[in-house]
Amino acid sequence: MRQLLFFLLMLDMNKLEALNKVKSYGENLSELPVEFKKDIDVVKVAVKKDGYFIKYAHKDLRKNFEIVYSAIKATSIPEILKFIDKKFLKNKLIILTAVKQRGGALKYADKTLKKNKEIVLAAVKEEKKNKFHSKGKALKYADKTLKKNKDIVLAAVKHDGFSLKYADKILKKNKKIVLTAINEHGGSIEYADKTLKKNKDICLAAIKRFGGSISYMHKSIKNDKNIALYAIKCGATLLDIVNNLQKNKQFILDVVTQEYNSWQLMHAYHFKKNKEVVLAAVNNFGVSLEYAHTSLKKDKEIVLAAVKNDGWSIEFASKQLRNDPEIIKYALKENPSVKKLLGR
């Protein structure tokens, strides 16, 4: 019944009412009678609110340059290009405006414009503003001739390092381009040529920007204990480190005694039962007791060391030790608010 009433109201609507509806919310254009979807004034107001709503305009107005240009300027959603007349996909001004809004709009451009250096350059330069949406995809949609163009690729990786993925393989060997890419994001070394994944200086530069990038490097780099420790310091987790180092007791001890890294005990699967490693971890950060094997949560020496470092770690001790007077004493001494946990 409500839908019928709404439909009848729509039939009786005048232009002023239609204008007010789209002025309050552009998507209301979708609910208007066809006569208003054909009305240039109504549609103009709707697309200025959000250009994406051109999808609800009559097909005749999606051929209108003024309407299309207004819509393109009023949205950063690349898919708008799917709703306009195909002739505009060859229009330089329309496509240039679209890629300046979102570089990925290059996907929908006519192939002739994907060869246009000005348009592709504008697209790749836009990437930095929206890189979490695009991941370097503007370069993906460029013509292959421009993926070989050093200036284009350099501009692309400068704004979004992950654009390196779509560069020509020759340029993936170029040190300047790769260093520019990893300076924007260390993880982009994943797409560098394999020869540069052996280059210590380049690898260290990538790790400095993103510790986890070590997982993309040559085994000669991955197996270097000092480089691996540096990667951990720069944010890598033990999951990023090669298996033979994960099994190396001294390496794990070096990791869990690093400042802010004793939590890595979580991933030290080969040493959760090792008393020396766990003791080193809880001495560094008490609550890393959470990641110790159950058997060591019953070990008074371990738990005592943990609560002396951080009273809250009593939460992860065995039930028996949570009620131990000495453990409680040192936990409260370290942090009186631990009292809230006691008796749970």
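The present account deals with the structure reproduced in this document. (Residues numbered from 1 in each chain as written. Predicted model: local features only at pLDDT ≥ 70, side-chain atom pairs only at ≥ 80, totals over all residues. Heavy atoms only, no water.)

**Notes on the pattern of salt bridges**
Side-chain pairing between opposite charges can occur once the charged atoms of the two side chains come close.
Line of reasoning, step 1. Across all of its chains, the model carries 11 salt bridges by this definition.
Line of reasoning, step 2. With its nearest N and O atoms 2.7 Å apart, the salt bridge here joins Lys-92 to Glu-118. Taken together, the residues Lys-92 in helix α6 (residues 92-101) and Glu-118 in helix α7 (residues 117-126) connect sequence positions 26 residues apart.
Line of reasoning, step 3. For Glu-118, a relative accessible area of 43% corresponds to the partly exposed category.
Line of reasoning, step 4. The structure contains a network of salt bridges with shared partners spanning Lys-15, Asp-39 and Asp-41. (Salt bridge = Lys/Arg side-chain N within 4 Å of Asp/Glu carboxyl O. Helix = DSSP H or I, 4+ residues; strand = E, 2+ residues; numbered from the N terminus. Buried < 20%, exposed > 50% of the residue type's maximum accessible area, 1.4 Å probe, protein only.)

**Some points on the side chain of Lys-197**
Line of reasoning, step 1. Here Lys-197 is to be found in the loop between α11 (175-184) and α12 (200-209).
Line of reasoning, step 2. An unpaired buried charge is present at Lys-197: no salt bridge exists, and Glu-190, the closest side chain of opposite charge, is 6.8 Å distant.
Line of reasoning, step 3. In terms of polar contacts, Lys-197 uses its side chain to reach the backbone carbonyl oxygen of Glu-190, at 2.7 Å.
Line of reasoning, step 4. Every residue in contact with Lys-197, bar those within four places of it in the chain, is listed here: Ile-189, Glu-190, Ala-192, Cys-203, Tyr-216, Met-217, His-218 and Ile-221. (Lys, Arg positive; Asp, Glu negative; His and termini not counted. Polar contact = N/O pair within 3.5 Å; in protein donor to acceptor, adjacent residues only side chain to side chain. Contact = heavy atoms within 4.5 Å.)

**What to know about a positive patch on the surface**
Line of reasoning, step 1. On the surface, Lys-82, Lys-107, Lys-137, Lys-140 and Lys-165 cluster together into a positively charged patch.
Line of reasoning, step 2. Turning to its location among the elements, Lys-82 is positioned in the loop between α5 (65-73) and α6. (Patch = residues over 30% accessible without salt bridge, like charges linked within 9 Å, V, L, I, M, F, W, Y side chains within 5 Å. Areas by Shrake-Rupley, 256 points an atom, 1.4 Å probe, with all protein chains shown as cover. Charge placed at Lys NZ, Arg CZ, Asp CG, Glu CD.)

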